[in-house]
Amino acid sequence: MSLPVPYLSARTLTVVKKIDTSGAPRVVNLGLNESWLGAAPGVVEAIREAAPQVYRYADPGCGTMRAAIGRQFNLDPARIVCGNGSEELLDAVGRVYARAGDEILFPAYSFLQFAIVAYRLGAKAVEAPLGPQFSVDVDALLAAVTPATRVIFLANPNNPTGSVVPMDEVARLARELPSHIVLVLDAAYAEYVDPAEAVATFEIADRHPNVIVTRTFSKAYGLASARAGWAYAHPEVVAALNNVRGIGNVNGLAQVAATVAVGEQDFIQHVRARTAEERDYLEGQLRTLGFEISPSAANFAFVRLPGASEGWAQATVARLAKQGFIIRSNEDYGLPEWLRISIADRADLDEMLALLRVEARAANGEQLAAGA
Ligand SMILES: Cc1ncc(COP(=O)(O)O)c(C=O)c1O
């Protein structure tokens, strides 16, 4: 008996990494860039209050949620489309604007989903080379544009590198890019940088109808599991995205949660400050252990241990997981030496650091032995 043949090989992409935490007394996940500070105030209560309505269909147009977002950021709700997380919207952009054989362009070592969007469409994922220290080179991006380019994705700050593109460079990219090419500014970590940058991002979208800004409630707002994101774009782009998204894409409880959360900007300010504090602490501690740090503006650190043997990062991730601490290796990003570690509570960071200290010492011992 033969099986149905998928257009996409089920084995080409590993979207979810398997991690063995068996035997660990408790598990602290520092591998998904969740916010340890939890959901914005009032959100859990609002979900609880709305729970009895779960038998009803929610508003497919997310009217109340879009109005709340519009009010908060001074944006026209007609230019907003909500998604099942921002990942749905990134995927929707691909499905609206690209087809098999087209090119989807992004800087090297960008958020993995950009390549996944291309793969799902049979489009070609094209990576533009970076400048030094994982910096985005706007000229290299522009130079990589071909007649087949349909979409450019730019995550700012980027995951997994944590790097930031200066706003004047983002504005230049939007200005110099041919206007038939869609430019997606993925601002999933926008809350962790100066809020003025988010405003500037919306202004770029106002000036250029081919620019789409995507945002998420998964990170600083602490709603990763609710699956709520949104995009800001020209009304015609919004209409096109509305055509391809799931009709009931944002569930009712998520709409309620996002509507409350977006009003809690004091909380977001607190999250930004606390995350920066703990990120500085973590990076400082890792530096003393001999790690090289890639400067990160987001809620994670991106680091590597220079001189460690091949496979050290993967083995370290596996050993830490067995002890209950999940951190992320990045071989799937083509960066097998690098570790991405989410910012967390000081006590959890200290416990994780103690485990990493043992691993780093062992690696350094091996280096000394090899040099002897
Ligand atoms: C750069 C970037 N964009 C988008 C997303 C998607 O987030 P969500 O679908 O939870 O909104 C992520 C998630 O990690 C991310 O790192």
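In the nomenclature of an unreviewed UniProt entry, the protein chain corresponds to Histidinol-phosphate aminotransferase from the organism Aminobacter aganoensis. Its UniProt record, at the heading Subunit (unreviewed entry), says of the protein chain: "Homodimer." Recorded in UniProt under Sequence similarities (unreviewed entry), the annotation for the protein chain is "Belongs to the class-II pyridoxal-phosphate-dependent aminotransferase family. Histidinol-phosphate aminotransferase subfamily."

Inspection of the region around the ligand gives Gly 85, Ser 86, Glu 87, Phe 111, Asn 159, Asp 186, Ala 188, Tyr 189, Thr 216, Ser 218, Lys 219 and Arg 227 as its neighbouring residues. Arg 227 places a polar side-chain atom, nitrogen or oxygen, 2.7 Å from an oxygen atom of the ligand. Contact with the protein chains covers 91% of the free accessible surface of the ligand, which is 400 Å². Per element, the largest residue contribution to the shell around the ligand is three residues, and it comes from helix 3 (residues 85-97). A class-by-class count of the residues in the shell around the ligand yields three nonpolar, five polar and four charged.

The full count for this structure, using the stated rule, is two cavities of 30 Å³ or more. Roughly 100 Å³ of volume is contained in the largest cavity. Considering the residues around the largest cavity, the lining is formed by Asn 156, Pro 157, Met 167, Val 170, Leu 185, Ala 187, Ala 190, Val 193, Glu 197, Ala 198 and Thr 201. Counting only elements with at least two residues in the lining of the largest cavity, the list comes to helix 6 (167-176) and helix 7 (195-207). At three residues, helix 7 tops the list of elements feeding residues into the lining of the largest cavity. Approximately 50 Å³ is the volume found for the second largest cavity. Lining the second largest cavity, in full, are Pro 107, Ala 108, Tyr 109, Ser 110, Leu 130, Phe 134, Val 136, Leu 154, Ala 155, Asn 158, Thr 161 and Ser 163. Among the residues forming the lining of the second largest cavity, the class breakdown is eight nonpolar, four polar and no charged.

About the cut-offs
- Once a new chain begins, its residue numbering starts again from 1 and follows that chain's sequence as written.
- For a predicted model such as this one, the threshold for reporting local features is a pLDDT of at least 70, and the threshold for listing and counting side-chain atom pairs is 80 or more; totals across whole chains, interfaces and linings nevertheless cover every residue.
- Where side-chain values are given, they derive from all heavy atoms of the structure, hydrogens and water being excluded.
- UniProt positions are given in the numbering used here, feature names are shortened, and annotations may be inferred rather than shown by experiment.
- Nearness here has a simple test: a residue counts as near a molecule or strand if at least one of its heavy atoms is within 4 Å of that partner.
- Any N or O atom pair separated by 3.5 Å or less is treated as a polar contact, with the protein-specific requirement of one donor-capable and one acceptor-capable atom, and with residues adjacent in sequence counted only for side-chain atom pairs.
- Only the protein chains shown count as cover for residues, with accessible areas throughout obtained via the Shrake-Rupley method and a probe of 1.4 Å.
- Numbering of helices and strands runs from the N terminus; a helix is a DSSP stretch of H or I covering at least four residues, while a strand is a stretch of E covering at least two.
- When residues are grouped by polarity, Ala, Val, Leu, Ile, Met, Phe, Trp, Tyr, Cys and Pro land in nonpolar, Asp, Glu, Lys and Arg in charged, and all others, Gly among them, in polar.
- A cavity here means a set of points on a 1 Å grid, drawn over the protein atoms and nothing else, where a 1.4 Å probe fits but cannot get out; a pocket is an open set with protein on both sides within 12 Å along at least five of seven lines, and a residue lines either one if it has an atom within 4 Å of a point.
- Grid points are joined across faces, edges and corners, and a volume is the space filled by probe spheres set on the points.

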